[in-house]
Amino acid sequence: MSDLSITQLVESQRRREVDLWGRTINPQFARVLRTIGFDRSWARAKGQYLWDADGNRFLDMLGGFGMFNVGRNNPRVRAALEEALALDLPGSVQLGATALPGLLAEELLRRLPPRLERIQFTSSGTEAIEAAIKLGRAAVRRERVVACDHGFHGLTLGSLSANANAEFTRRFGPLLPGFSHVPFGDLEALEEELRREDVALFLVEPVQGKGVNVAPPGYLEGAQELCRRYGTLFCVDEVQTGFGRTGRMFAFEHWGLEPDLVPVAKSLSGGYVPVGGLVMSRAVHEAVYDSMENAVAHGSTFAPNELAMVAGLATLHELDEQGLVERSARLGERLLELTRPLVDEHEVVREVRGLGLMWAIEFGEPARRARTYRFVDRMQPGLFAQLIVGPLFSEHRVVSQVAGHRMAVVKGLPPLCVTEQDLEEFAEALDAVIRKAQRLPRSLAAFAMTAAGIR
Ligand SMILES: Cc1ncc(COP(=O)(O)O)c(C=O)c1O
């Protein structure tokens with residue numbers, strides 16, 4: 001029998017990857033990729049770029065949904081992983097303790113407010129949210145969870161119950177009992193819920209990923225104060241906003257917050273290895289892990305994973321060494337500077353917003369020449385955004401995404417190593433694409449219908 005060659009295996013499927021997925025993983029997803037023209041054969045990646053099998057370079061403004069803050073195939077994270085693999089480390093002993101998880105925990109905690117003293121590692125963002133719900137409930141002996149309208153916290157059942165949007169929850173009920181939702185930014189509505197003094201935790205994203213909604217001034221500080229007043233744990237979901245994404249190591253730093261619970265994941269391991277964690281106050285931890293009998297009250301077989309820990313250590317080091325957090329703040333400002341003029345230039349552009357390199361552009365029906373916009377929007381609300389994402393990809397080789405279901409918002413989450421020149425080129429491409437989409441020839445309208453699966 002010949003040796004296993006990953007190179008040969010990958011080569012054997014070149015230009016057939018989508019078929020393979022269609023046969024073995026998800027035919028509907030393969031259909032979507034073909035329909036929207038994203039069915040490329042991807043050959044390699046580096047930093048903020050992806051190359052297809054024909055050698056075309058694409059700018060990655062999507063960043064793997066935010067897991068590539070330190071850039072794709074970061075050489076220093078890879079070197080750390082290779083070094084660790086060569087050490088033949090014991091890996092998880094399960095009934096034993098090795099150094100790497102403790103070392104990463106120490107590095108993480110060093111970057112967080114003193115109130116946060118412990119971490120429960122997981123293998124994904126949604127598991128970190130599940131841990132917050134479970135441990136939070138047990139710590140304060142209350143059942144209810146309050147989250148925000150349009151929030152997104154993951155797709156397993158507890159996280160799903162925290163998501164308010166029907167497009168995620170429909171068909172998957174019954175959801176967990178005890179969940180309520182309040183409008184993001186509305187302190188009165190939050191107090192209405194919290195004053196009953198039966199809410200275990202309030203779960204909030206500092207910048208909502210779906211739509212890129214930045215918390216309004218005073219909201220998060222007010223929410224923290226209400227949580228303290230009514231004995232509710234304040235849980236700030238940093239799964240997407242963490243590790244420099246918004247121009248600070250953690251987004252809550254913008255408002256000087258001191259949460260009780262902070263779920264993290266995505267970019268912590270540089271995009272190489274699944275990872276997540278729930279950072280929590282000592283009070284929460286000690287309330288749950290209160291005896292030897294309860295020493296393993298929560299966990300999972302693969303967490304903490306040694307390779308994830310190595311990648312995490314290297315990623316934190318890389319963020320510091322390359323000054324990526326400051327870079328995110330600076331280039332985020334530059335991206336706003338480059339794209340804000342689009343609001344005046346194109347009637348169809350409602351708003352450009354963002355924090356650090358978490359950015360979005362929102363479209364709306366223009367006052368004049370609204371027929372085409374209305375025509376597309378009637379087919380499916382928000383569909384206009386697909387008219388931007390499609391040509392950005394096919395004509396300008398930029399990978400981006402619509403910011404959420406039925407919303408006319410295009411979102412950018414580039415790796416933090418993106419350059420000013422990349423952003424200038426992106427802004428130019430965006431300008432050209434918006435100009436064209438507004439005029440919307442029938443062929444483009446037809447594309448929109450196809451993309452929406454409407455014809
Ligand atoms: C804010 C937020 N929380 C939680 C999650 C879930 O993370 P994961 O996809 O790793 O389960 C996501 C994923 O996009 C997210 O953006």
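Being a predicted model, the structure only gives us computed values, none of them experimental.

Draft legend 1. Structural view of the pairing of strand β14 (residues 358–363). Of all six residues in β14, five are buried; the element is thus mostly enclosed. Sheet topology note: the strand β13 (residues 349–355)/β14 ladder contains six bridges and is antiparallel. Bridging across to β14, Leu-355 finds its partner in Met-358. Counting the residues between successive antiparallel strands, the hairpin from β13 to β14 contains two residues, one of them, Gly-356, with a positive phi of roughly 60 degrees.

Draft legend 2. View of the sheet that holds strand β15 (residues 398–399). Within the open sheet, the four strands sit side by side as β1-β2-β3-β15. Their pairing is mixed. The strands lining the two open edges of the sheet, one partner per strand, are β1 (42–46) and β15. One ladder, built from four bridges, connects β1 with strand β2 (residues 49–52); its direction is antiparallel. Paired with Trp-42 across the bridge in β2 is Asp-52. Against the sheet, helix α18 (residues 420–439) touches β2, β3 (57–60) and β15, its axis set at about 95 degrees to β3.

Draft legend 3. Quick peek at the layout of surface pockets. Size it by volume and the second largest pocket reaches roughly 780 Å³. Every residue lining the second largest pocket is counted, 27 residues in all, and those nearest its centre are Gln-94, Gly-96, Val-296, Ala-303 and Pro-304. Breaking the lining of the second largest pocket down by element, the ones donating at least two residues are α6 (99–110) and β4 (116–122). In terms of residue count, β4 provides more of the lining of the second largest pocket than any other element does, four residues in total. Split by residue class, the lining of the second largest pocket holds 13 nonpolar, twelve polar and two charged.

Draft legend 4. Spatial organisation of the packing of helix α14 (residues 324–339) against α18. Interhelical geometry of α14 versus α18 gives an angle of 25 degrees and a closest axis separation of 10 Å. Considering their axes alone, α14 and α18 lie roughly parallel with respect to each other. Judged by the twist between their axes, the crossing of α14 over α18 is right-handed. Taking contact as the criterion, the partners of Leu-331, Arg-334, Leu-335, Leu-338 and Thr-339 in α14 are, on α18, Glu-420, Leu-423, Glu-424, Phe-426, Ala-427 and Leu-430. Within the contact of α14 with α18, the residues separate by chemical class into seven nonpolar, one polar and three charged.

Draft legend 5. Quick peek at the packing of aromatic side chains. The tally for this structure, following the rule as stated, stands at 14 aromatic pairs. Taken together, a centroid distance of 3.9 Å and an interplanar angle of 15 degrees make the contact between Phe-38 and Phe-393 stacked. Of this pair, Phe-38 sits in the loop between α3 (27–35) and β1 while Phe-393 sits in helix α17 (residues 384–396), and the two are 355 residues apart along the sequence. With relative accessibility at 15%, the residue Phe-38 sits in the buried group. Since its relative accessible area comes to 1%, Phe-393 is described here as buried. Ring plane angle 80 degrees and centroid distance 5.0 Å describe the contact between Trp-42 and Phe-58, whose orientation is recorded as edge-to-face. In this pair, Trp-42 is assigned in strand β1 and Phe-58 in strand β3, connecting sequence segments 16 residues apart. Through a chain of ring-to-ring contacts, the aromatic side chains of Phe-38, Trp-42, Phe-58 and Phe-393 assemble into a single cluster. The cationic tip of Arg-57 hangs over the ring face of Tyr-49; the distance from NZ or CZ to the ring centre is 3.8 Å. Positioned above the aromatic ring of Phe-152, the side-chain terminus of Lys-210 is 4.5 Å from the ring centre.

Draft legend 6. Quick look at the site of the ligand. Taken together, Ser-124, Gly-125, Thr-126, Phe-152, His-153, Gly-154, Glu-205, Asp-237, Val-239, Gln-240 and Lys-266 form the complete shell of residues around the ligand. Asp-237 is positioned such that a nitrogen or oxygen atom in its side chain is 2.7 Å from a nitrogen atom of the ligand. In this structure, Gln-240 approaches the ligand through a side-chain N or O atom, which is 2.8 Å from an oxygen atom. The class makeup of the residues in the shell around the ligand is two nonpolar, six polar and three charged.

Parameters and conventions
Residues numbered from 1 in each chain as written. Predicted model: local features only at pLDDT ≥ 70, side-chain atom pairs only at ≥ 80, totals over all residues. Heavy atoms only, no water. Buried < 20%, exposed > 50% of the residue type's maximum accessible area, 1.4 Å probe, protein only. Helix = DSSP H or I, 4+ residues; strand = E, 2+ residues; numbered from the N terminus. Pairing = 2+ DSSP bridges. Contact = heavy atoms within 4.5 Å. Axes fitted to C-alpha atoms, helices over the stretch in contact; angles between N-to-C directions. 1 Å grid on protein atoms, 1.4 Å probe; cavity = no way out; pocket = protein on both sides within 12 Å on 5 of 7 lines; lining within 4 Å. Points joined across faces, edges and corners; volume = space filled by probe spheres on them. Nonpolar A, V, L, I, M, F, W, Y, C, P; charged D, E, K, R; others polar. Parallel < 35°, antiparallel > 145°, perpendicular 65-115°, else oblique. Left-handed = near helix turned anticlockwise from the far one by under 90°. Phe/Tyr/Trp six-rings, centres within 6.5 Å; stacked < 30°, edge-to-face > 60°. Lys NZ or Arg CZ within 6 Å of the ring centre and 35° of its normal. Near = heavy atom within 4 Å. Polar contact = N/O pair within 3.5 Å; in protein donor to acceptor, adjacent residues only side chain to side chain.

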